[in-house]
Amino acid sequence: HSTLGNHLVKEVKKYDNTNYLTYFDGYLGNYYLILCFPEVWSYELFEMLVGSNRYTTDYEPYEGRKSYANETAGGFYTVRLGILEKLKELKRQGSILALRFITGDYTLPLGVWVTLEATRKAMNSKPIEFGSKELMLEYAKKLAQRKFSFDLGNILDCSILLKNMKQQSKLVKFF
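Criteria and thresholds
Along each chain, residue indices are assigned from 1 in the same order as the chain's sequence is written. The model is predicted, so local features are restricted to residues of pLDDT at least 70 and side-chain atom pairs to those at 80 or more, both for listing and for counting; the totals for chains, interfaces and linings are taken over all residues. Here the side-chain values reflect all heavy atoms present in the structure, with hydrogen atoms and water set aside. In this text, buried Ala, Val, Leu, Ile, Met, Phe, Trp, Tyr and Cys residues form a nonpolar core when linked through side-chain atoms within 4.5 Å. Per-residue accessibility, obtained with a 1.4 Å probe over protein chains only, is compared with the maximum for each type, and a residue is labelled buried under 20%, exposed over 50%, and partly exposed between these values. Per the convention used, a helix needs a DSSP run of H or I reaching at least four residues, while a strand needs a run of E reaching at least two, with both numbered from the N terminus. Only residues whose relative accessible area exceeds 30% and that take part in no salt bridge are eligible for patches, with like-charged residues grouped when within 9 Å of each other and nonpolar side chains (Val, Leu, Ile, Met, Phe, Trp, Tyr) grouped when within 5 Å. Shrake-Rupley sampling with a 1.4 Å probe provides the accessible areas, and residues are treated as covered by the protein chains on show and by no other component. A side-chain nitrogen of Lys or Arg and a carboxyl oxygen of Asp or Glu constitute a salt bridge if their distance falls within 4 Å. Note on definitions: a residue-residue contact is assigned when non-hydrogen atoms from the two residues lie within 4.5 Å. Here the rule is simple: two strands pair whenever DSSP picks up at least two bridges between them.

Moving on to the nonpolar core. Counting residues in hydrophobic clusters, the biggest one holds 26 residues, and the most contacted among them are Ile-34, Tyr-43, Ile-83 and Ile-96. Secondary-structure elements contributing two or more residues to this core are helix 1 (2-12), strand 2 (20-27), strand 3 (30-37), strand 4 (42-49), helix 2 (74-90), strand 7 (95-102) and helix 3 (112-123). If you tally residues by element for this core, the top one is helix 2, at 7 residues.

Moving on: a nonpolar patch on the surface. There is a patch of nonpolar side chains on the surface, built from Tyr-27, Leu-28, Leu-108, Leu-110 and Trp-113 and spanning about 460 Å² of accessible area. Among the secondary structure elements, Leu-28 is positioned in the loop between strand 2 and strand 3.

With respect to the helices and strands, Arg-80 occurs in helix 2. Apart from residues lying up to four places away in sequence, Arg-80 is in contact with His-1, Ser-2, Gly-5, Asn-6, Trp-41, Tyr-43 and Glu-60.

In terms of burial, strand 4 is a largely internal element, 7 of the 8 residues being buried. Two elements, strand 4 and strand 7, share 8 bridges in a ladder whose sense is parallel. Paired with Met-48 across the two strands is Phe-101, which belongs to strand 7. Across 6 bridges, the pairing between strand 4 and strand 5 (residues 55-60) is antiparallel. Among the inter-strand pairings, Phe-46 is bridged to a residue of strand 5, identified as Thr-57. What sits between the antiparallel neighbours strand 4 and strand 5 is a turn of 5 residues, in which Gly-51 has the positive phi angle 100°.

Written as structure tokens, this is what we have:
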């Protein structure tokens with residue numbers, strides 16, 4: 001999954017940026033909310049167990065990772081692969097914040113094929129397009145609260161991807 005993703009990411013980085021898009025769906029008690037931002041490629045995955053405050057996370061900047069994604073392990077690479085497959089199909093790149101909600105319906109760990117298939121299912125759902133980052137994040141918070149009684153506030157506050165987007169100066173700012 002890592003090798004296939006590394007190959008796809010090289011191609012995806014050549015494309016124009018995506019719009020503000022949100023994809024959502026699930027499989028076998030694993031639900032993915034995928035937030036696409038119109039930025040250059042970067043990727044962050046948060047995995048949360050619904051009903052607890054615990055989460056794991058890993059991040060990949062535009063330049064790629066230097067070490068294995070220890071916190072989210074193989075799921076990091078399968079989720080990334082499912083997202084990259086869709087971005088290649090759309091001929092778009094973006095900064096991607098993937099949020100995995102693991103519910104009580106996921107009773108038997110079945111390996112990383114579940115995370116890949118759940119991500120593919122989410123990425124094949126009809127996306128919702130937003131006019132701004134703020135609107136998309138507000139939607140994500142409301143969806144997580146409504147579907148899973150989960151407060152995304154702390155997760156979003158901890159996001160390296162969101163912090164980098166806020167702090168990074170854009171070239172257009174200098175014109």
